[in-house]
Amino acid sequence: LILLDSLLQENTTIFHTNCSNFYCDPVMIPITSPYDLNIPMTCSPHTTPLVMVRRALALGYQTIALNTEVSQNQFLTRKQAKDKAKNGDFLADFPAPPTLSLTSEDYPLLASRGLTPTILTRLTISITNNDFMIHYNKSSIAKQYDLLAINVSSSPCLSSLLKSSFRWDILSFTPSSVIGGVRWTRKLYYECVEKNVYFELQYSPLIRDSLDRRRVISHAHTYHSVGKSRNIIFTSEARSPLELRSPADVANLAWIMGLTENQGKEDGTFPD
């Protein structure tokens, strides 16, 4: 088993007498490589999350994380909610973690070895400031997810989050946010490392669009120049089966992304 110290599950909540803050006891989640920690629930209209998971397992993955994505802008105060249409794209609370029923017929390769896949749930929140914590702290549903990923919009946003007591597992980004997004420095990078935050590099944007390809590769090289590519994990973020690649192919992307061969194998996508 591979244990990533950043992949923590918050399962026990203790409130102060003023109920303004909460603390959670971290519990290690055993991660069996190879893994793909980003299979979006909002996949292509021509497929389903079940088909995506079956394809990933057929390619050799053993641990899959189903990713639910929300934006801070979708949460409104009660006063704001009264001014919005009831059918708008707004949320009163976080979506419940998805469930997926699998049988041995869905993972014949693992079943032939007497193994079963590990299906995790991941929540990704796109934020612009720390106001999202008001909704997250009040939500019992949000804390049911196994993994928490944060997509920040700017350097001040990330710095403010790091100064708080908030804990999360994965720092994500979108190719469009590379330009004008976080301005990385060595200090900022290692502050994330000290918080046991892992940096996500998604490979499916490299397949979809040439502009996204250049942006993701540029971002990966930024991680290498400021932080020697520490705490990097590769995920697919694939929205169709054709975008998924085998663990060995993903490990070979290490050289393109500025990592060494050993770092590519240590990111957890490559079987031991």
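1. Re the packing of aromatic side chains
Reasoning step 1: Evaluated as defined, the whole model comprises 12 aromatic pairs.
Reasoning step 2: Measuring from ring centre to ring centre gives 6.5 Å for F166 and W168, while their planes differ by 25°; the resulting arrangement is stacked.
Reasoning step 3: Owing to a relative accessible area of 4%, W168 belongs among the buried residues under this scheme.
Reasoning step 4: By way of ring pairs, the aromatic residues F75, F94, F132, Y136, F166 and W168 are connected into one cluster.

2. Points about the pairing of strand β8 (residues 198–202)
Reasoning step 1: Counting buried positions along β8 gives 5 out of 5 residues, so the element sits mostly inside the fold.
Reasoning step 2: Neither face of β8 is exposed, since Y198, E200 and Q202 on one face and F199 and L201 on the opposite face are all buried.
Reasoning step 3: Looking at chain direction, strand β7 (residues 170–172) and β8 are connected through 2 bridges and run parallel. Each bridged residue has a counterpart across the sheet, and for L171 the counterpart in β8 is F199.

3. Quick notes on the sheet that holds β8
Reasoning step 1: Here we have 7 strands laid out as an open sheet, ordered β3-β4-β5-β6-β7-β8-β9, and parallel in their pairing. In this open sheet, the two strands that pair with only one neighbour each are β3 (35–40) and β9 (232–235). Sheet twist, expressed as the average angle between the axes of neighbouring strands with direction ignored, equals 35°.
Reasoning step 2: Relative to strand β5 (residues 118–127), strand β4 (residues 63–71) runs parallel, the two being bridged by 9 bridges. Residue pairing for β5: T68 is matched across the bridge by L123.
Reasoning step 3: In the packing of helix α8 (residues 210–227) onto the sheet, contacts are made with β8 and β9, and the angle to β8 comes to roughly 155°.

4. Regarding the pattern of salt bridges
Reasoning step 1: In this structure the tally under the stated criterion is 7 salt bridges.
Reasoning step 2: A salt bridge links E200 to R122; its shortest N-O distance comes to 2.9 Å. Of the two residues, E200 sits in strand β8 while R122 sits in strand β5, which places them 78 residues apart along the sequence.
Reasoning step 3: The class of R122 is buried, set by a relative accessible area of 0%.
Reasoning step 4: Ionic pairing is found between E237 and R239, a salt bridge with its closest N-O pair at 2.6 Å.
Reasoning step 5: Connected via shared salt-bridge partners are E69, R208, E237, R239 and E243.

5. Things to note about the side chain of D146
Reasoning step 1: Relative to the assigned elements, D146 resides in the loop between α4 (132–138) and β6 (147–152).
Reasoning step 2: Despite its burial, D146 pairs with no opposite charge, the nearest such side chain being R122 at 11 Å.
Reasoning step 3: In terms of polar contacts, D146 uses its side chain to reach the backbone amide nitrogen of T121, at 2.9 Å.

6. Points about the nonpolar core
Here is a general trend for soluble globular proteins: nonpolar side chains tend to be buried in one another's company.
Reasoning step 1: Counting residues in hydrophobic clusters, the biggest one holds 58 residues, and the most contacted among them are I125, I150, L158, W168 and W184.
Reasoning step 2: Setting aside residues up to four positions removed in sequence, L158 forms contacts with V152, W168, L171, V182, W184, L188 and C192.
Reasoning step 3: Counting 9 residues, the second-largest nonpolar core is a separate cluster that includes L37, A65, Y198 and I233.

7. Points about α8
Reasoning step 1: If you check α8, its first and last C-alpha atoms are 26 Å apart, about what 18 residues at 1.5 Å a residue would give, namely 26 Å.
Reasoning step 2: Those residues of α8 not exposed but buried are D212, V216, H219, A220, Y223, V226 and G227. Taken down its axis, α8 places every buried residue within 140° of arc, on the same side.
Reasoning step 3: Between the side-chain oxygen of the N-cap and the backbone nitrogen of L211 there are 2.9 Å, and the N-cap of α8 in question is D209.
Reasoning step 4: Where α8 terminates, the next one or two residues include K228, which has phi positive at roughly 55°.

8. Re the packing of helix α6 (residues 186–194) against α8
Reasoning step 1: Contact pair α6 / α8: the axes reach a minimum separation of 8 Å and the direction vectors enclose 90°. Taken as axis vectors, α6 and α8 run roughly perpendicular relative to one another. Counting all contacts with α6, which are made through R186, Y189 and Y190, the residues of α8 involved are Y223, S225, V226 and G227.

9. Considering the side chain of N38
Reasoning step 1: As for its position among the elements, N38 is in strand β3.
Reasoning step 2: By relative accessible area, which is 0% here, N38 ends up buried.
Reasoning step 3: There is a polar contact of 3.0 Å between the side chain of N38 and the side chain of E200.

The rules behind the values
- Residues numbered from 1 in each chain as written.
- Predicted model: local features only at pLDDT ≥ 70, side-chain atom pairs only at ≥ 80, totals over all residues.
- Heavy atoms only, no water.
- Phe/Tyr/Trp six-rings, centres within 6.5 Å; stacked < 30°, edge-to-face > 60°.
- Buried < 20%, exposed > 50% of the residue type's maximum accessible area, 1.4 Å probe, protein only.
- Helix = DSSP H or I, 4+ residues; strand = E, 2+ residues; numbered from the N terminus.
- Pairing = 2+ DSSP bridges.
- Axes fitted to C-alpha atoms, helices over the stretch in contact; angles between N-to-C directions.
- Contact = heavy atoms within 4.5 Å.
- Salt bridge = Lys/Arg side-chain N within 4 Å of Asp/Glu carboxyl O.
- Lys, Arg positive; Asp, Glu negative; His and termini not counted.
- Polar contact = N/O pair within 3.5 Å; in protein donor to acceptor, adjacent residues only side chain to side chain.
- Core = buried A, V, L, I, M, F, W, Y, C linked by side-chain atoms within 4.5 Å.
- Expected span 1.5 Å × (residues − 1).
- Arc of directions from axis to C-beta.
- Parallel < 35°, antiparallel > 145°, perpendicular 65-115°, else oblique.

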